[in-house]
Amino acid sequence: MYCPKCGTENHDNNYQCTQCSEILHAAAPTPMVATGDGTLGGLIPYKNGPALTAYYLGVFSLIPLLGIPLGIGALILGIKGLRMARDHPEVKGKVHAWIGVVAGVLFGVLQLPAIVAWVAYLGLKG
Ligand SMILES: [Zn+2]
């Protein structure tokens, strides 16, 4: 690249001009920023609603009692999200859907037998 101030040819990776110390990178053309799917879409599956919802339900299924319906919802929506990700790979969300399914089962659905066992224990004790 050429220095915008003095015209000296510099290596593309140079931060400053070797001749006049002018900062070169500010003048460098900004690389094409990938919009939408290329960047954030890869991390957060905005287009895969069920997967994203399953993920949040899975996280909130940690809450005692309330976690039971949330966990069941996470499981159902997670499966839905996985199907959607399989049929339409461009919507992504597979990881979020899996987190929803696993967290929903672990925290939510398994609360049910745990609570039943706890109630039975209290009943037997009393
Ligand atoms: Zn220069």
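Keep in mind that what you see is a predicted model, and the values were worked out from it rather than measured.

Draft legend 1. Quick look at the overall build of the chain. Scanning the chain for helices and strands turns up 5 helices and 0 strands. Its helices and strands taken in sequence order, the chain reads α-α-α-α-α from the N to the C terminus. Within the chain, buried positions represent 26% of all 126 residues. Long-range pairs, those at least 24 residues apart, make up 49% of the contacts in the chain between residues at least 6 apart in sequence. Looking at the chain as shown, the accessible area adds up to about 8,500 Å², and 69% of this sits on carbon and sulfur atoms.

Draft legend 2. Inspection of the packing of aromatic side chains at higher detail. By the definition in use, this model includes 1 aromatic pair. Centroid distance tyrosine 55 to tyrosine 56: 5.2 Å. Interplanar angle 75 degrees. Geometry classified as edge-to-face.

Draft legend 3. Highlighting helix α3 (residues 67–87). Taking 1.5 Å of rise per residue, 21 residues should cover 30 Å, and α3 covers 29 Å from first to last C-alpha, within 8% of that figure. For α3, the set of buried residues is Gly67, Ile68, Gly71, Gly73, Ala74, Gly78, Gly81, Leu82 and Ala85. On its buried face, α3 is in contact with α2 (49–60), α4 (94–109) and α5 (111–125).

Draft legend 4. The arrangement of unusual backbone geometry in detail. A positive phi angle, near 65 degrees, is found at serine 21, a position not held by glycine. On the basis of relative accessibility, which here comes to 43%, the residue serine 21 falls in the partly exposed class. Even without being glycine, leucine 65 reaches a positive phi, approximately 65 degrees. Since its relative accessible area comes to 56%, leucine 65 is described here as exposed.

Draft legend 5. Examining the packing of α3 against α4 more closely. Axis separation between α3 and α4 bottoms out at 7 Å; the angle between their running directions is 155 degrees. Here α3 is positioned roughly antiparallel relative to α4, judged by the angle of their axes. The hand of the α3/α4 crossing is left-handed. In this structure, α3 uses Gly67, Ile68, Gly71, Ile72, Ala74, Leu75, Gly78, Ile79, Gly81, Leu82 and Ala85 to contact α4, whose residues at the interface are Lys94, Ala97, Trp98, Gly100, Val101, Gly104, Val105, Gly108 and Val109. Grouping the constituent residues of the contact of α3 with α4 by class yields 12 nonpolar, 7 polar and 1 charged.

Draft legend 6. Layout of the environment of glycine 100. Positionally, glycine 100 belongs in helix α4. Note on glycine 100: relative accessible area 0%, which makes it buried. Note: C-alpha distance between glycine 100 and leucine 52 (48 residues apart in sequence) is 8.2 Å. Residues contacting glycine 100, with those up to four places away along its chain left out, are Ala54, Tyr55, Gly58, Ala74 and Leu75.

Draft legend 7. The arrangement of the environment of tyrosine 56 in detail. Residue position: tyrosine 56 is located in helix α2. Under the relative-accessibility criterion, tyrosine 56 is labelled partly exposed at 43%.

Reading the values: the criteria
- Residues numbered from 1 in each chain as written.
- Predicted model: local features only at pLDDT ≥ 70, side-chain atom pairs only at ≥ 80, totals over all residues.
- Heavy atoms only, no water.
- Helix = DSSP H or I, 4+ residues; strand = E, 2+ residues; numbered from the N terminus.
- Buried < 20%, exposed > 50% of the residue type's maximum accessible area, 1.4 Å probe, protein only.
- Contact = heavy atoms within 4.5 Å.
- Areas by Shrake-Rupley, 256 points an atom, 1.4 Å probe, with all protein chains shown as cover.
- Phe/Tyr/Trp six-rings, centres within 6.5 Å; stacked < 30°, edge-to-face > 60°.
- Expected span 1.5 Å × (residues − 1).
- Axes fitted to C-alpha atoms, helices over the stretch in contact; angles between N-to-C directions.
- Parallel < 35°, antiparallel > 145°, perpendicular 65-115°, else oblique.
- Left-handed = near helix turned anticlockwise from the far one by under 90°.
- Nonpolar A, V, L, I, M, F, W, Y, C, P; charged D, E, K, R; others polar.

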